[in-house]
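For reference, the chains in residue letters:
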Amino acid sequence: MNKALLLTCTLLASIAGCKSTQAEQPQNATLVRVNPGVITELQQAIQSAKGGALVTLADDVFTKSAELLIDHGTNKGPDGLPIMGAHSIPSEKFVLQKAGEQCLLYYPKKSSVFHFLM
């Protein structure tokens with residue numbers, strides 16, 4: 001894990017807490033507080049994990065569900081309607097988890113786990 005990603009994870013952990021009912025094995029979790037700084041840190045962590053541009057996240061990301069699905073935009077024709085067959089990229093999934101006192105952002109596509117120190 002590179003220094004920038006580790007710093008991102010550490011900053012996110014200091015800003016937001018997550019909760020879970022289990023302690024040792026990773027369990028799905030949700031954020032208890034979200035603010036613009038948390039969203040920025042999540043955007044950067046997701047960008048580091050999957051590459052590409054920063055994603056747009058909702059103001060309540062990970063507060064109602066531990067899973068985040070990122071859908072890719074669809075190209076549109078001159079009439080403003082989606083071009084048939086232009087969208088073949090599947091959604092990407094991230095899962096917020098907690099193991100012991102650590103929050104984790106799991107990216108199943110690459111089996112990557114990003115630790116958020118609490």
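Below or above, wherever it landed, is the structure these notes cover.

Here we look at the overall build of the protein chain
Consideration 1: Counting secondary structure elements, the protein chain contains two helices and seven strands.
Consideration 2: Each helix and strand of the protein chain, placed in order from N terminus to C terminus, yields the pattern α-β-β-β-α-β-β-β-β.
Consideration 3: In the protein chain, which comprises 118 residues, the proportion classed as buried is 36%.
Consideration 4: In the protein chain, once contacts between residues fewer than 6 apart in sequence are set aside, the share between residues at least 24 apart is 48%.
Consideration 5: Carbon and sulfur atoms make up 54% of the accessible area of the protein chain, which amounts to about 7100 Å² in all.

Things to note about unusual backbone geometry
Consideration 1: Backbone geometry at Phe 62 places phi at a positive 60°, although glycine is not the residue there.
Consideration 2: Along the chain, Phe 62 falls in the loop between helix H2 (36–50) and strand S4 (67–70).

Describing the pattern of salt bridges
Consideration 1: Summed over all chains, the structure comprises four salt bridges.
Consideration 2: Lys 64 is the salt-bridge partner of Asp 60, the closest N and O atoms lying 2.6 Å from each other.
Consideration 3: Assessed through its relative accessible area of 34%, Asp 60 is described here as partly exposed.

Comments concerning H2
Consideration 1: In this model, H2 (15 residues) spans 21 Å end to end at C-alpha, consistent with the 21 Å of a helix rising 1.5 Å per residue.
Consideration 2: For H2, the N-terminal capping position is held by Asn 35, with its side-chain oxygen 2.9 Å away from the main-chain nitrogen of Gly 37.

Some thoughts on the pairing of strand S5 (residues 92–99)
Consideration 1: Extensive coverage of S5 is indicated by the burial of seven of its eight residues.
Consideration 2: Relative to strand S6 (residues 102–107), S5 runs antiparallel, the two being bridged by five bridges. If you follow Ala 99 over to S6, its bridge partner there is Gln 102.
Consideration 3: Connecting the antiparallel pair S5 and S6 is a turn made up of two residues, with Gly 100 showing a positive phi of about 65°.

About the cut-offs
Residues numbered from 1 in each chain as written. Predicted model: local features only at pLDDT ≥ 70, side-chain atom pairs only at ≥ 80, totals over all residues. Heavy atoms only, no water. Helix = DSSP H or I, 4+ residues; strand = E, 2+ residues; numbered from the N terminus. Buried < 20%, exposed > 50% of the residue type's maximum accessible area, 1.4 Å probe, protein only. Contact = heavy atoms within 4.5 Å. Areas by Shrake-Rupley, 256 points an atom, 1.4 Å probe, with all protein chains shown as cover. Salt bridge = Lys/Arg side-chain N within 4 Å of Asp/Glu carboxyl O. Expected span 1.5 Å × (residues − 1). Polar contact = N/O pair within 3.5 Å; in protein donor to acceptor, adjacent residues only side chain to side chain. Pairing = 2+ DSSP bridges.

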